[in-house]
Amino acid sequence: MTRTMASAAELVRDFVNTYDVEGDLDEFASPAELTVWLREHALSGPADRATEDDLALAVHLREGLRAALRQPPGGRAVEMPPDGLESVLSGLPLRIGITGIGPVLVPLGAGIRGGLAAVAAAVAEARADGVWARLKVCAEDSCRWAFIDASKNRSRSWCSMKVCGNRTKTRAYRARQGVNRRTRPS
């Protein structure tokens, strides 16, 4: 399965966003829901059924990717993968396939694990195409929504300046005002 550069990044973003941190809503609340999500994204077949082990693997992959997409202060990319992500990825075997566009990673198997391996392959595609650096997680701790930074200089920190950026800046302003009120002479 090959994807365009944008769709590989979009798949990773959509996969990470299956858990809404702020609303505490998980699209992978059960193996059946994982199955539906993978089928809706053309990553598994109609006869495939996820198990509890598949669900645990999917959640670990999702949260490992969320941690990998988190940009530390200063905007420098994380060099090392988060703890556990390497072992999760090792459970999703891929092989190199040759297509009309060149070599691509393809899942070794089909089914649910094959669908999760396709998400891992999308990570590699996004990295190879230079889009990985544009995939980020919102800097607002209560949000952590994944987004694709389309800004010219790749400087976005929040999924939405109107919501998360405003919250962060308002908190910082209030904190500064609280400090200034206490230090001003009466």
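The following paragraphs examine the structure supplied in this document. (Residues numbered from 1 in each chain as written. Predicted model: local features only at pLDDT ≥ 70, side-chain atom pairs only at ≥ 80, totals over all residues. Heavy atoms only, no water.)

Scanning the protein chain from N- to C-terminus turns up six helices and six strands. Every one of the 186 residues in the protein chain was classed for burial, and the buried ones make up 38%. About 10800 Å² of surface is accessible on the protein chain, with carbon and sulfur atoms providing 55% of the total. (Helix = DSSP H or I, 4+ residues; strand = E, 2+ residues; numbered from the N terminus. Buried < 20%, exposed > 50% of the residue type's maximum accessible area, 1.4 Å probe, protein only. Areas by Shrake-Rupley, 256 points an atom, 1.4 Å probe, with all protein chains shown as cover.)

So, on to the pattern of salt bridges. For the structure on display, the rule yields seven salt bridges. Across the salt bridge formed by Glu63 and Arg66, the nearest N and O atoms sit 2.9 Å from each other. Of this pair, Glu63 and Arg66 are both found in helix H3 (residues 52-69), three residues apart, which corresponds to roughly one turn of the helix. With a shortest N-O distance of 2.4 Å, Asp141 and Arg70 are connected by a salt bridge. Linking Asp141 in the loop between strand E5 (135-137) and strand E6 (146-148) with Arg70 in the loop between H3 and helix H4 (85-90), this pair joins segments that are 71 residues apart in sequence. Of the residues examined, Arg70 reaches a relative accessible area of 28% and is grouped as partly exposed. (Salt bridge = Lys/Arg side-chain N within 4 Å of Asp/Glu carboxyl O.)

With that settled, consider the side chain of Ser44. Mapped onto the elements, Ser44 comes out in the loop between helix H2 (31-40) and H3. Ser44 has contacts with Thr35, Leu38, Arg39, Gly111 and Ile112, leaving out every residue within four places of it along the chain. (Contact = heavy atoms within 4.5 Å.)

This part is about H3. Taking 1.5 Å per residue, 18 residues should reach 26 Å; H3 reaches 26 Å between its end C-alpha atoms and fits that length. Residues of H3 that are buried include every one of Asp54, Leu55, Leu57, Ala58, Leu61, Arg62, Gly64, Leu65, Arg66, Ala68 and Leu69, and no others. (Expected span 1.5 Å × (residues − 1).)

Looking at chain direction, strand E3 (residues 94-99) and strand E4 (residues 102-107) are connected through six bridges and run antiparallel. The partner of Arg95 across the bridge, within E4, is Val106. In sequence, E3 turns back onto E4 through a hairpin of two residues. (Pairing = 2+ DSSP bridges.)

Residues Val12, Phe15, Leu34, Leu61, Leu65, Leu116 and Trp132 are the most contacted members of the largest nonpolar core, which totals 36 residues. At the level of elements, helix H1 (5-16), H2, H3, H4, helix H5 (111-128) and E5 are the ones that each hand at least two residues to this core. The dominant element in this core, judged by the number of residues it contributes, is H5, at nine residues. Setting aside chain neighbours within four positions, we find Leu116 in contact with Phe15, Leu34, Leu38, Asp54, Leu57, Ala58, Leu61 and Leu92. (Core = buried A, V, L, I, M, F, W, Y, C linked by side-chain atoms within 4.5 Å.)

Looking now at the packing of H3 against H5. H5 packs onto H3 with a crossing angle of 10° between their chain directions and a minimal axis gap of 10 Å. With respect to each other, H3 and H5 are oriented roughly parallel. Contacts from Asp53, Asp54, Leu57, Ala58, Leu61 and Leu65 of H3 reach H5 at Ile112, Arg113, Leu116, Val119 and Val123. Looking at the contact of H3 with H5 residue by residue, the classes come out as eight nonpolar, no polar and three charged. (Axes fitted to C-alpha atoms, helices over the stretch in contact; angles between N-to-C directions. Parallel < 35°, antiparallel > 145°, perpendicular 65-115°, else oblique. Nonpolar A, V, L, I, M, F, W, Y, C, P; charged D, E, K, R; others polar.)

Topologically, His60 is positioned in helix H3. A polar atom in the side chain of His60 sits 2.7 Å from the backbone oxygen of Ala56. (Polar contact = N/O pair within 3.5 Å; in protein donor to acceptor, adjacent residues only side chain to side chain.)

We now examine the packing of aromatic side chains. According to the stated counting rule, one finds three aromatic pairs in the structure shown. Centre to centre, the rings of Phe15 and Phe28 are 5.6 Å apart; their planes meet at 55°, and the pair counts as tilted. A residue pair is termed long-range when its members are at least 10 positions apart, and Phe15 in helix H1 and Phe28 in the loop between strand E2 (25-26) and H2 qualify at 13 residues. Taken individually, Phe15 and Phe28 each receive the classification buried, so the pair is uniform in this respect. Among the aromatic residues, ring-to-ring pairing joins Phe15, Phe28 and Trp37 into one connected group. (Phe/Tyr/Trp six-rings, centres within 6.5 Å; stacked < 30°, edge-to-face > 60°.)

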